[in-house]
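Residues per chain are reported as follows:
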Amino acid sequence: MDMKTAINENYNIYSIAETMNHIEAGEFGDDILSPKFKDFVYSLDIDKYAALLDLFDADEDGDDASEWLERVQNFMNSLSDEERKRLNRI
């Protein structure tokens with residue numbers, strides 16, 4: 001994977017995590033999500049969903065950039081092929 005693709009993938013994951021944290025906080029409903037976004041997020045099991053939410057909270061946990069990237073890598077490695085396909089459709 002080239003650098004531009006890696007940066008884009010990490011930004012996308014962060015944006016998804018941020019959006020879902022706002023929804024979990026009740027700041028807005030999930031009706032703002034596109035069908036493809038919902039398809040990916042709601043396909044995750046509870047552990048993967050929690051890991052996704054944790055990606056947004058990494059700053060509050062005191063993680064530095066390398067620790068956050070490790071969290072992202074662990075999250076991405078946990079996804080099935082089907083979940084990756086759904087993610088790539090967003």
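Our structure is the block above this text.
Residues numbered from 1 in each chain as written. Predicted model: local features only at pLDDT ≥ 70, side-chain atom pairs only at ≥ 80, totals over all residues. Heavy atoms only, no water.

This paragraph deals with the overall build of the protein chain. Secondary structure summary: the protein chain contains five helices and zero strands in total. Reading the protein chain from its N terminus to its C terminus gives the helix and strand order α-α-α-α-α. Taking 2.2 N^0.38 as the reference for a compact globule, 90 residues should give roughly 12 Å; the C-alpha atoms of the protein chain span a radius of gyration of 13 Å, in line with that estimate. Seen through its C-alpha atoms, the protein chain measures out along the principal axes to roughly 35 × 30 × 25 Å. Here the protein chain, with 90 residues, has 31% of them falling under the buried criterion. (Helix = DSSP H or I, 4+ residues; strand = E, 2+ residues; numbered from the N terminus. Rg over C-alpha atoms; globule rule 2.2 N^0.38 Å. Buried < 20%, exposed > 50% of the residue type's maximum accessible area, 1.4 Å probe, protein only.)

For the rest of this paragraph, the subject is the packing of aromatic side chains. With the rule as written, the count across this model stands at two aromatic pairs. Seen in terms of ring centroids, Tyr 14 and Trp 68 are 6.1 Å apart; in terms of plane orientation they differ by 70°. Their pairing is edge-to-face. Of this pair, Tyr 14 sits in helix α1 (residues 3-24) while Trp 68 sits in helix α4 (residues 65-78), and the two are 54 residues apart along the sequence. Taking relative accessible area as the criterion, Tyr 14 reaches 27% and is therefore assigned partly exposed. In this structure an aromatic cluster arises from ring pairing among Tyr 14, Phe 56 and Trp 68. (Phe/Tyr/Trp six-rings, centres within 6.5 Å; stacked < 30°, edge-to-face > 60°.)

A separate point is the pattern of salt bridges. Counted by the stated rule, this structure contains four salt bridges. Notably, a salt bridge pairs Arg 86 with Asp 39, separated by 3.4 Å at the nearest N-O pair. One end of the pair, Arg 86, is in helix α5 (residues 81-89); the other, Asp 39, is in helix α2 (residues 35-41), and 47 residues separate them in sequence. Exposure remark for Arg 86: the relative accessible area of 22% places this residue in the partly exposed category. Of the residues examined, Asp 39 reaches a relative accessible area of 34% and is grouped as partly exposed. Where Arg 89 meets Asp 39, a salt bridge forms, and the shortest distance between an N and an O atom there is 3.9 Å. Placement of Arg 89 in helix α5 and of Asp 39 in helix α2 is noted, with a sequence separation of 50 residues between them. With a relative accessible area of 41%, Arg 89 lands in the partly exposed category. Taken together, the salt bridges that share partners define one network made up of Asp 39, Glu 82, Arg 86 and Arg 89. (Salt bridge = Lys/Arg side-chain N within 4 Å of Asp/Glu carboxyl O.)

To continue, consider α1. The terminal C-alpha atoms of α1 lie 32 Å apart, and with 22 residues this matches the ideal 32 Å at 1.5 Å per residue to within 8%. Among all positions of α1, only Asn 10, Ile 13, Ile 16, Ala 17, Thr 19, Met 20, Asn 21 and Ile 23 are buried. (Expected span 1.5 Å × (residues − 1).)

The subject of this paragraph is the packing of helix α3 (residues 46-56) against α4. Where α3 contacts α4, the two axes come as close as 10 Å, and the packing angle between them is 155°. Judged on the interaxial angle alone, α4 and α3 are roughly antiparallel. Handedness of the α3/α4 crossing: left-handed. Where α3 abuts α4, its residues Lys 48, Ala 51, Leu 52, Asp 54 and Leu 55 lie against Trp 68, Arg 71, Val 72, Phe 75 and Ser 78. (Axes fitted to C-alpha atoms, helices over the stretch in contact; angles between N-to-C directions. Parallel < 35°, antiparallel > 145°, perpendicular 65-115°, else oblique. Left-handed = near helix turned anticlockwise from the far one by under 90°. Contact = heavy atoms within 4.5 Å.)

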